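Reading the structure
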Amino acid sequence: MQRIVPCPKASTPLRPLHDRDASRQLEQRLAATLPPHTLMRRAGLAVARLAMAWQPHAQRIVVLAGGGNNGGDGLVAAARLAQDWPERDVAVWWLGDPERLPDDARWAWQHARAANLTWLQAAPDSPPDLVIDALLGLGLDRPVQGTTLAALRWLQACPAPTLCVDLPSGLDPNTGHWWADTPAQPVAARATLSLLTLKPGLFTGLGRAVAGETIWFDDLGAQADPTTAAAWLVTSAGWPDAAALRADHASHKGSRGDVLVLGGALPAAHAGVGMGGAALLAARAALRAGAGRVYVALVGEANQIPPWDAGQPALMLRSAAAALDSDLPERATVVAGCGGGPGMATLLDTVLARSPRLVLDADALNALAGRTDPDPLAQRRARRWWTVLTPHPLEAARLLRTDTASVQRDRLAAARTLAERWHAVVVLKGSGSVVAAPGLTPRVVASGSGWLATAGSGDTLAGLLGARLSALPWPAPPEDLLAAVADTVALHGTLPEHWPHRWPPTASDLLP
Ligand SMILES: NC(=O)C1=CN([C@@H]2O[C@H](COP(=O)(O)OP(=O)(O)OC[C@H]3O[C@@H](n4cnc5c(N)ncnc54)[C@H](OP(=O)(O)O)[C@@H]3O)[C@@H](O)[C@H]2O)[C@@H](O)CC1
Ligand SMILES: Nc1ncnc2c1ncn2[C@@H]1O[C@H](COP(=O)(O)OP(=O)(O)O)[C@@H](O)[C@H]1O
């Protein structure tokens with residue numbers, strides 16, 4: 001059994017994520033070679049052990065079990081807890097129908113009936129010390145209904161610590177969609193033990209909100225085939241390597257890569273609304289991450305450009321017009337859009353045509369979404385130039401001509417479609433950012449938390465990506481570009497972890 005999140009320091013950087021079909025195929029293949037009920041026996045044992053390791057003092061334990069094999073895992077765990085810890089009071093609230101049980105679950109039910117368990121017909125009168133959630137798992141693919149929904153409502157509102165078996169009940173294994181008409185966020189502490197495979201839905205969409213702070217994984221002794229993975233989970237970041245930069249005695253600022261941040265509309269250029277801070281946040285992040293020289297091109301007239309950034313005087317400020325009148329668009333990695341406002345629409349063509357390394361964020365994405373020509377990035381693809389798009393769900397919806405709910409409903413599919421549509425590496429931001437590139441298996445980033453839900457944290461990410469691309473050897477195979485982008489998103493997700501105060505960080509706290 002391994003902890004997946006919070007990610008241990010020496011963790012495997014990439015893990016395969018298998019969806020419902022791939023998990024079921026693996027289960028069937030194994031079941032054909034193992035003695036009957038082996039996987040369920042192992043699953044129940046793993047759940048019982050983790051339950052007692054996590055809540056060793058729990059006296060009253062309630063196992064909420066559904067009528068499928070997820071419930072079967074719960075019943076085996078209940079019997080095991082009663083056997084190994086006979087002084088505990090283990091009760092089962094089972095919603096199954098003896099006439100309609102799958103084979104494994106029938107065996108588990110019979111096994112549990114022979115154990116020293118209390119059988120409940122309804123929710124317990126008072127909250128127990130621990131709940132084991134084995135109501136719904138891999139089988140859920142439609143809205144939860146009937147008595148199962150009533151039980152799920154109780155579970156979501158129950159103040160007892162809860163260990164979820166395989167998946168939190170109500171969560172879609174493939175997408176992280178929440179299938180129930182009840183709040184997704186539980187009121188109590190939670191942990192989830194994923195069995196046999198790790199599922200993508202645990203890490204994106206509502207997965208992290210529902211699964212609890214800790215996600216564990218037990219492969220039940222099986223090795224899932226990585227070629228059938230729906231995505232790869234990125235659990236740690238390997239960049240920047242500050243020690244390697246220090247040891248690079250032969251380097252100079254010109255060898256470290258240049259970044260040009262193009263954005264930050266000044267109030268006079270944008271109807272009195274200033275967004276210069278967005279460009280400065282991106283530029284500061286790029287500089288902090290090791291870019292040799294960072295230029296900031298603000299959207300406004302030359303006489304409106306501030307002479308310097310007092311917080312980071314090493315940044316070189318100029319107007320967008322001055323920057324475009326130089327060789328910076330060709331020479332530097334261009335990060336376009338951060339706070340750029342509607343003015344980005346007129347600047348977009350220039351960077352698309354001139355900048356081989358390009359990150360498009362915020363207003364540059366809105367400008368792209370507003371284009372009516374069929375394929376504005378086709379030429380870039382033909383030249384094998386790098387384009388990275390970093391939409392949040394609303395920007396992604398604009399690029400896909402759909403709505404935010406549809407994007408969030410299946411984030412992996414949305415990111416894959418965007419990557420194919422725009423011939424670009426796409427970072428679909430939000431909880432469980434998805435990084436996709438045409439023809440490659442996408443990556444889901446495990447780092448990140450609600451502390452990133454603050455204005456400007458996306459600008460910081462755009463700047464980090466600029467620095468990363470400027471440090472990447474050119475040309476690079478598409479796999480390397482995808483890996484570098486995902487690694488940078490993973491790094492961004494870890495930034496709040498270093499924040500020591502009791503109040504949450506602001507975007508400028510992340511990279512001062
Ligand atoms: N494959 C693996 O990796 C391994 C799988 N294992 C375990 O098996 C689990 C998968 O078991 P599964 O296939 O039996 O599905 P499961 O989640 O119990 O759901 C079916 C039950 O839920 C019910 N139900 C469904 N939807 C509903 C709704 N909307 N609203 C209400 N009810 C609904 C459905 O009712 P029915 O549709 O029959 O009326 C049926 O009773 C998996 O998560 C893991 O724990 C491990 O033991 C070994 C490795
Ligand atoms: N709840 C969350 N969990 C994980 N990451 C988050 C969460 N909320 C925001 N983020 C991350 O913070 C960043 C926000 O980006 P964005 O919405 O573009 O902000 P802004 O435009 O203000 O800079 C993205 O990288 C996103 O993935």
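Once a new chain begins, its residue numbering starts again from 1 and follows that chain's sequence as written. Chains carry letters and ligands carry numbers; both start at the beginning, A for chains and 1 for ligands, and go up in the order they are written. Given that this is a predicted model, residues contribute local features only at a pLDDT of at least 70 and side-chain atom pairs are listed and counted only at 80 or more, while totals for whole chains, interfaces and linings are drawn from all residues.

1. Looking at helix α2 (residues 38-54)
A run of DSSP states H or I qualifies as a helix once it reaches four residues; a run of E qualifies as a strand once it reaches two. Both are numbered from the N-terminal end. The span one expects for a helix is its residue count, reduced by one, times 1.5 Å. Taking 1.5 Å per residue as the helical rise, α2 with its 17 residues ought to reach 24 Å, and the 24 Å between its terminal C-alpha atoms agrees with that figure. Looking only at α2, the buried set comprises Leu39, Met40, Arg41, Arg42, Ala43, Gly44, Ala46, Val47, Ala48, Leu50 and Ala51. A residue is called partly exposed when the number of other C-beta atoms within 10 Å of its own lies between 12 and 20, exposed at 12 or fewer, and buried at 20 or more, with C-beta atoms placed from the backbone.

2. Here we look at the environment of Ala211
By secondary structure assignment, the location of Ala211 is in helix α6 (residues 207-211). Residue Ala211 is classed as buried on the basis of its 25 C-beta neighbours within 10 Å. Placing a C-beta atom from the backbone of each residue, one calls two residues in contact when those atoms lie within 7 Å. Setting aside residues no more than four positions away along its own chain, Ala211 makes contact with Cys164, Pro168, Arg190, Thr192 and Leu202.

3. Topic: the site of ligand 2
The rule is simple: place the C-beta atom from the backbone, and if it lies within 6 Å of a molecule or strand, the residue is near it. Taken together, 18 residues surround ligand 2, and among them Lys429, Gly448, Leu452, Ala453 and Gly458 come closest. Considering each element in turn, the shell around ligand 2 owes the most residues, four residues, to helix α17 (residues 457-471). Three categories are distinguished: nonpolar for Ala, Val, Leu, Ile, Met, Phe, Trp, Tyr, Cys and Pro, charged for Asp, Glu, Lys and Arg, and polar for the others, with Gly belonging to the last. Counted by class, the shell around ligand 2 contains five nonpolar, eleven polar and two charged residues.

4. Concerning the sheet that holds strand β3 (residues 60-65)
The strands making up a sheet associate through hydrogen bonds between their backbones, and the pairing can be parallel or antiparallel. Pairing between two strands requires that DSSP report at least two bridges joining them. Read from one edge to the other, the open sheet built from eight strands follows the order β1-β9-β8-β7-β6-β3-β4-β5, with strand pairing classed as mixed. With one partner strand each, in any of the chains shown, β1 (2-5) and β5 (118-120) form the two edges of the open sheet. Ignoring strand direction, the axes of neighbouring strands in this sheet form an average angle of 25°. Two strands pair when backbone bridges link them, and strand β6 (residues 130-134) and strand β7 (residues 162-165) are joined in this way by three bridges, in the parallel orientation. Note that in β7 the partner of Asp133 across the bridge is Cys164. Note on geometry: axes are C-alpha line fits, over the in-contact stretch for helices, and angles between N-to-C directions span 0 to 180 degrees.

5. Examining the sheet that holds strand β15 (residues 357-360)
As summarised here, the arrangement of the eleven strands in space is β2-β10-β19-β18-β17-β16-β15-β14-β11-β12-β13, forming an open sheet in which the pairing is mixed. The two strands at the open ends of the sheet, each matched to only one other strand, are β2 (14-17) and β13 (316-319). The sheet shows a mean angle of 20° between the axes of neighbouring strands, direction not considered. Judged from the three bridges that link them, strand β17 (residues 425-428) and strand β18 (residues 434-436) form a sheet pairing that is antiparallel. Bridge pairing in β18 places Val427 opposite Val435. On top of the sheet, helix α12 (residues 362-369) reaches β11 (258-265), β14 (333-336), β15 and β16 (386-389); it is set at about 90° to β15, its chief contact.

6. Overview of the UniProt feature "domain: YjeF C-terminal" (unreviewed entry) in the chain
UniProt positions are given in the numbering used here, feature names are shortened, and annotations may be inferred rather than shown by experiment. When the UniProt feature table is mapped to this numbering, "domain: YjeF C-terminal" (unreviewed entry) covers residues 236-512. Counting secondary structure, residues 236-512 comes out at 41% helix and 15% strand; the distance between its end C-alpha atoms is 22 Å.

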